[in-house]
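# Overview (structure and organization)
Single-letter residue listing:
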Amino acid sequence: MSLIAFLGAIETGLLFGLVALGVFLSFRVLNFPDLTVDGSLPLGAAVAATLIVLGWNPWIATAMAMLGGAMAGLVTAWLNVRLKILHLLASILTMIALYSVNLRIMGRPNQPLLGEETVFTPLEAFGLPFYVTSLILFFVVALVIKLMLDWFLSSQIGLAMRATGANARMARAQGVRTEAMVLLGMALSNALVALAGALFAQAQGGADVSMGVGVIVVGLAAVIMGEAVMSTRVIILATLACVIGSILYRLAVALALNADFIGLQAQDLKLITALLVVIAMTLPGMRGKFLKRVKA
Amino acid sequence: MISVSDVHVTFNPGTPVETRALRGLSLDIPAGEFVTVIGSNGAGKSTMLGVLSGEVFPDTGRIAIDEQDVTRWPTPKRAPLVARVFQDPMAGTCEGLTIEENMALAWSRGHRRGLGRAVTNDLRDIFREKLALLGLGLENRLGDRMGLLSGGQRQAITLVMATLNPMKILLLDEHTAALDPKTAAFVMDLTDRIVQDGKLTTLMVTHSMRQALDHGHRTVMLHEGRVVLDVAGSERKGMKVEDLLHMFEKVRGQQIDDDALLLG
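One structure accompanies this document, and this report is about it. On a predicted model such as this, the values are computed, not experimentally measured, just so you know.

## Here's the deal with the interface of chain B and chain A
- Taken together, the contacts link 25 residues of chain B with 19 residues of chain A.
- When contributions to the side of chain B that touches chain A are tallied by element, the ones reaching two or more residues are helix H2 (75-78) and helix H3 (99-107) of chain B.
- The dominant element in the side of chain B that touches chain A, judged by the number of residues it contributes, is H3 of chain B, at 4 residues.
- Each residue belonging to the side of chain B that touches chain A can be placed in one class, and the counts come to 11 nonpolar, 9 polar and 5 charged.

Right, here's the structure in full:
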């Protein structure tokens with residue numbers, strides 16, 4: 001694997017670390033399987049790209065993208081806690097609706113960002129090559145978000161949110177308004193995913209309505225991979241595992257695609273990802289069964 | 001003063017599985033009184049706890065805590081007034097969270113939650129002090145996950161958690177039923193100690209007539225969603241399980257053949 005491919009894998013890994021943190025919030029903290037992210041990632045990209053082309057400051061455009069993601073998360077949570085639609089279905093409904101919303105926002109299936117000022121522009125002034133500037137920026141953003149999430153999840157509200165996912169009945173008995181916690185957590189989760197989308201669009205030079213396909217599986221793969229390689233007993237480790245899992249996943253994919261003898265091509269990516277998640281999810285159970293058989 | 005007046009609850013009304021769980025339940029509990037509640041399966045014990053805690057809203061009737069009408073208050077809103085220990089040791093705590101995190105959750109019951117640290121060193125000192133009183137050595141295991149503890153240890157911690165903040169009523173939902181006899185006795189002793197020390201207004205539901213008579217100041221029997229027996233003071237003192245059974249038969253004018261009532 002070339003250095004560029006290696007750095008590229010780390011860069012994408014850091015960026016999708018944000019997605020993994022979002023998925024960690026919904027799947028693990030709130031116990032809410034949320035597919036909205038397939039729509040909120042391109043939503044973030046569409047909002048940021050459209051606003052930047054309209055002449056907005058790229059940082060404000062990115063913040064607006066996060067706001068858009070938060071609203072998408074709120075819609076899913078609201079469909080679930082108020083209208084009592086099954087969480088998985090509620091998130092699929094929002095995801096599908098977002099496809100139309102994203103087309104409306106951009107007015108067409110994609111929005112290029114050629115020659116526009118992006119969040120990377122100030123860094124390029126230092127004369128560094130693009131793959132270094134984006135690496136630095138993604139690292140800083142992933143680190144800041146991880147630390148903020150650590151702080152939030154150890155706060156009183158954060159603890160109430162974790163209790164909501166772990167034992168909602170107990171949480172309510174302790175005065176936690178669990179419905180409010182689901183709304184807040186889903187908004188946060190999708191805001192993070194939209195942030196990843198906004199940065200992704202600026203790094204790739206444009207937003208595309210189909211860029212969200214399978215994002216949930218990639219995020220889930222990162223979370224599971226992180227849990228497989230390290231202890232997630234305390235919050236600071238659990239969030240670190242999301243980012244590390246995401247990087248490892250990207251490296252594994254880059255390795256597989258670069259090894260010509262396997263014969264894998266870029267279009268096989270989603271299939272490999274899905275297989276990887278299946279293996280990662282069933283492996284712990286299989287290992288237990290195997291050990292039992294060996295003992296017996 | 002807790003006041004339940006003429007509460008009716010019907011589950012699945014108008015369907016073949018319609019259940020009239022409470023049919024005009026009325027019960028007044030003065031502040032500081034420890035009431036034990038018995039009744040066979042389906043008598044309405046769980047539903048009564050439900051309407052007191054806010055998990056079930058009555059169809060008609062009124063629940064008041066210190067003159068405040070709380071009939072329609074959902075559980076989180078009522079949490080500052082009501083503390084609860086569940087029958088299932090798993091239900092009262094989060095097994096994925098640590099002991100100190102569980103206690104911090106209870107520490108915030110009745111307070112506004114903010115973005116400050118949930119578990120601080122000051123709080124740890126308080127938790128250690130409270131847990132040391134149990135004599136189970138749990139004060140040295142604050143960072144352990146709740147799931148590592150036995151059922152009895154969890155119920156003991158849940159009792160301590162319930163008393164971290166003031167309350168108007170403590171609800172105990174057969175909280176020793178899932179424990180082995182020795183652990184159950186320990187948790188029951190602890191309960192008596194905590195209730196007496198704090199002069200807590202307490203409602204304890206139990207399956208055991210023995211337990212109902214041995215603890216508290218007053219015993220109430222539910223049947224078909226109503227109070228059918230209410231004994232306290234000298235009448236209750238010296239009462240035996242058989243007397244309770246006879247009184248129940250007299251009140252209902254029928255023979256009881258429910259083994260569940262005799263268990264324990």
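## Digging into the sheet that holds strand S1 (residues 2-11) of chain B
All names here are of chain B.
- Across the sheet, which stays open at both edges, the 4 strands sit in the order S2-S1-S4-S5 with antiparallel pairing between neighbours. The open sheet terminates on both sides in strands that have one partner only, identified here as strand S2 (19-29) and strand S5 (68-69).
- Pairing of S1 with S2, which is carried by 8 bridges, proceeds in the antiparallel orientation. When the bridges of S2 are listed, Val4 appears paired with Leu27.
- Lying on the sheet, helix H1 (residues 45-53) is in contact with S1, S2 and strand S4 (60-65); it crosses S2 at an angle near 60°.

## Brief notes about the nonpolar core
All names here are of chain A.
- Ranked by size, the top nonpolar core spans 162 residues in total, and within it Val19 and Ala196 carry the most contacts.
- Top contributing element to this core by residue count: helix H9 (residues 178-204), with 17 residues.
- Once residues lying within four places of it in the same chain are set aside, the contact partners of Ala196 are Leu15, Phe16, Leu18, Val19, Leu41 and Gly44.

## Some words on the pairing of strand S9 (residues 218-223) of chain B
Residue and element names in this part refer to chain B.
- Counting buried residues along S9, 5 of its 6 residues qualify, which places the element largely inside the surrounding structure.
- Note that strand S3 (residues 34-38) and S9 share 4 bridges and pair parallel. Bridge pairing in S9 places Val37 opposite Val220.
- Inspection of the sheet shows S9 paired to strand S10 (residues 226-232) by 6 bridges, in the antiparallel sense. Bridge pairing links Met221 to Leu229 in S10.
- Linking two consecutive strands that pair antiparallel, namely S9 and S10, is a turn of 2 residues; a positive phi of about 50° is found at Glu224 within it.

## Here we look at the packing of helix H2 (residues 37-53) of chain A against helix H4 (residues 87-106) of chain A
All names here are of chain A.
- Close contact between H2 and H4 brings their axes to 9 Å; oriented N to C, the two are set at 15°. One element, H2, and the other, H4, form an angle in the roughly parallel class. Considering the relative orientation of H2 and H4, their crossing is left-handed. Taking contact as the criterion, the partners of Asp38, Gly39, Ser40, Pro42, Leu43, Ala46, Val47 and Thr50 in H2 are, on H4, Thr94, Met95, Leu98, Tyr99, Val101, Asn102, Ile105 and Met106.
- Residue classes in the contact of H2 with H4 are distributed as 10 nonpolar, 5 polar and 1 charged.

About the criteria used
- Residues numbered from 1 in each chain as written.
- Chains lettered and ligands numbered in written order.
- Predicted model: local features only at pLDDT ≥ 70, side-chain atom pairs only at ≥ 80, totals over all residues.
- Contact = placed C-beta atoms within 7 Å.
- Helix = DSSP H or I, 4+ residues; strand = E, 2+ residues; numbered from the N terminus.
- Nonpolar A, V, L, I, M, F, W, Y, C, P; charged D, E, K, R; others polar.
- Pairing = 2+ DSSP bridges.
- Axes fitted to C-alpha atoms, helices over the stretch in contact; angles between N-to-C directions.
- Core = buried A, V, L, I, M, F, W, Y, C linked by C-beta atoms within 7 Å.
- Buried ≥ 20, exposed ≤ 12 C-beta atoms within 10 Å, placed from the backbone.
- Parallel < 35°, antiparallel > 145°, perpendicular 65-115°, else oblique.
- Left-handed = near helix turned anticlockwise from the far one by under 90°.

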